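Architecture at a glance
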Amino acid sequence: MAHRLLHRHRGQAHQRCGTHLADRPGDRRALRDRRRPGVGGPHPAAIIGGAVYLAFLLGGGSTALALFLVALAGCGLLTTVGVIVAMDTFGPVSDNAQGIAEMSGDVDGDGAQILTELDAVGNTTKAITKGIAIATAVLAATALFGSYSDAWRGQLQRILDSGEVTEEPSLRTQNLFELQIVTPNVLVGLLLGAAVVFLFSGLAINAVTRAAGAIVFEVRRQFREIPGIMEGTAKPEYGKVVDICTRDSLRELATPGLLAAMTPIAVGFGLGIGALAGFLAGAIGAGALMAVFLANSGGAWDNAKKIVEDGRFGGKGTDAHAATVIGDTVGDPFKDTAGPAINPLIKVMNLVSVLIAPAIVTLTIGNSANAGIRYGIAGAALLIVVAAVTVSKRRSISIGGDDAPAVDATPAAHAPAPVGSRSDLAEHTAVQVEERDVDPR
């Protein structure tokens, strides 16, 4: 009943509008603007930066008051949590509804089209909420940045008041506390902070690729060893696929987690307080831009596939459709893994920096100063990061191997006709996982 009413409403709307936008030769811009709400507006990073600078201006030159206002801005943004949760929940619900309908084969025609359009709307709502999430992360990180400054300045003042420093520190020691961007160690820290965001994103995307490859390997094994799955006479071993998802997701958490926790330690103890401040600034700036880019690009690729599946640019079975399926495969880890994960990355690195700042000052100046211990801690942290990244990169996966076991998916007459994206991936992608770290069981 609901489908009929909605179909009647859509038909009336099309009659009022006349020709559909996609069918008008000169209305590609109109279609593009309709598919991308808010096109032409200010960049989210500009809005975040404007909010922080406005708080600074309202602070009247007082850094403490400005940071307090930034924290209040973050709290104000979090007051919209009800709307954010509702919008973020809409995406997975509509996506799962479309996926269940696709796998069941019982929904077609207008019903399938409505579910596809709702899924496209859900991708947009998820992208919006992820932008709000990174905005709260940046505002919180800015407030934590002030806590970091208070932590190391307070420890330095305690050392100076205790009389441990009887003579003027060397120029090299003074440079370790220099915060100006023109100082080489601060600039190096800034570059390292920005680079960590890209490395973290790459690790997250590769983790999804390896886990997905292991799942495809297991599914292909079940198709090969359990006859009757496609005909519906045999039941697949769902538990093994779920086990792979759980085990691989937990295992792949190790490297990004160590990267977030250990890189501030390596930079802070190795290059000093100023370099660590630049490191945090670079991570905040690059992280905000990267998170917005990953969320928007992933949602755009997903919706681009749906536009082609609607019949535009040739529809299904064309090269355009194959390209959009590949784009959707790349966009999923972009918008669902790497983008949202930058939010905790920024917060964790700021929290670790606040905790280690007094120890860095203690080992840099005063009676407890010890360059050997300081560099030893930095070297150990760097060694842990290098080892974790090396182990992660050794988990290899090859895509499109010629010797991949063939899967007989010919009983299409017994299987429901595909109406969405998950079967399309099987049509265009063959994945073979090298049995190095993947248990084929």
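Note that this is a predicted model, so its numbers are computed, not measured.

**Here's the deal with the environment of V292**
Structurally, V292 is set in helix α11 (residues 273-309). Take V292: its relative accessible area is 6%, and that puts it in the buried class. Each C-alpha atom, one on V292 and one on G131, is 5.8 Å from the other, the two residues being 161 residues apart in sequence. Excluding its chain neighbours within four sequence positions, the residues that come into contact with V292 are H43, P44 and I134.

**What to know about the packing of helix α6 (residues 110-161) against helix α12 (residues 319-364)**
Taken N-terminus to C-terminus, the directions of α6 and α12 make an angle of 5°; their axes are 8 Å apart at the nearest point. Classified by the angle between their axes, α6 and α12 sit roughly parallel to one another. The residue inventory of the contact of α6 with α12, partitioned by class, reads 20 nonpolar, seven polar and five charged.

**Details of the pattern of salt bridges**
When the charged atoms of two side chains with opposite charge come close together, those side chains can pair. The final tally for this structure, using the stated rule, is 14 salt bridges. Residue K335 is joined to D332 by a salt bridge in which the shortest nitrogen-to-oxygen separation is 3.5 Å. Of this pair, K335 and D332 both sit in helix α12, three residues apart, which is roughly one turn of that helix. Take D332: its relative accessible area is 30%, and that puts it in the partly exposed class. Taken together, the shared-partner salt bridges in this structure form one network comprising R210, D243, R247, D248, R251 and E252.

**Looking at the packing of aromatic side chains**
The final tally for this structure, using the stated rule, is four aromatic pairs. Between F293 and F334, the aromatic rings sit 6.2 Å apart at their centres with planes inclined by 65°, giving edge-to-face as the arrangement. Of the two residues, F293 is situated in helix α11 and F334 in helix α12; the sequence distance between them amounts to 41 residues. Under the relative-accessibility criterion, F334 is labelled buried at 13%. The positively charged end of R374 is found above the aromatic ring belonging to Y375, 4.7 Å away from the centroid.

**A few points about the environment of Q174**
Among the structural elements, Q174 can be located in helix α7 (residues 171-176). By relative accessible area, which is 33% here, Q174 ends up partly exposed. A C-alpha to C-alpha distance of 9.8 Å links Q174 and G272, two positions 98 residues apart in sequence. If sequence neighbours within four positions are ignored, Q174 has contacts with E168 and P169.

**Things to note about a nonpolar patch on the surface**
Taken together, Y53, L54, F56, L57 and L58 make up a surface patch of nonpolar side chains, about 540 Å² in accessible area. Looking at the secondary structure, you find L57 in helix α3 (residues 44-58). Look at L57 and you get partly exposed, because its relative accessible area is 48%.

Rules used throughout
Residues numbered from 1 in each chain as written. Predicted model: local features only at pLDDT ≥ 70, side-chain atom pairs only at ≥ 80, totals over all residues. Heavy atoms only, no water. Helix = DSSP H or I, 4+ residues; strand = E, 2+ residues; numbered from the N terminus. Buried < 20%, exposed > 50% of the residue type's maximum accessible area, 1.4 Å probe, protein only. Contact = heavy atoms within 4.5 Å. Axes fitted to C-alpha atoms, helices over the stretch in contact; angles between N-to-C directions. Parallel < 35°, antiparallel > 145°, perpendicular 65-115°, else oblique. Nonpolar A, V, L, I, M, F, W, Y, C, P; charged D, E, K, R; others polar. Salt bridge = Lys/Arg side-chain N within 4 Å of Asp/Glu carboxyl O. Phe/Tyr/Trp six-rings, centres within 6.5 Å; stacked < 30°, edge-to-face > 60°. Lys NZ or Arg CZ within 6 Å of the ring centre and 35° of its normal. Patch = residues over 30% accessible without salt bridge, like charges linked within 9 Å, V, L, I, M, F, W, Y side chains within 5 Å. Areas by Shrake-Rupley, 256 points an atom, 1.4 Å probe, with all protein chains shown as cover.

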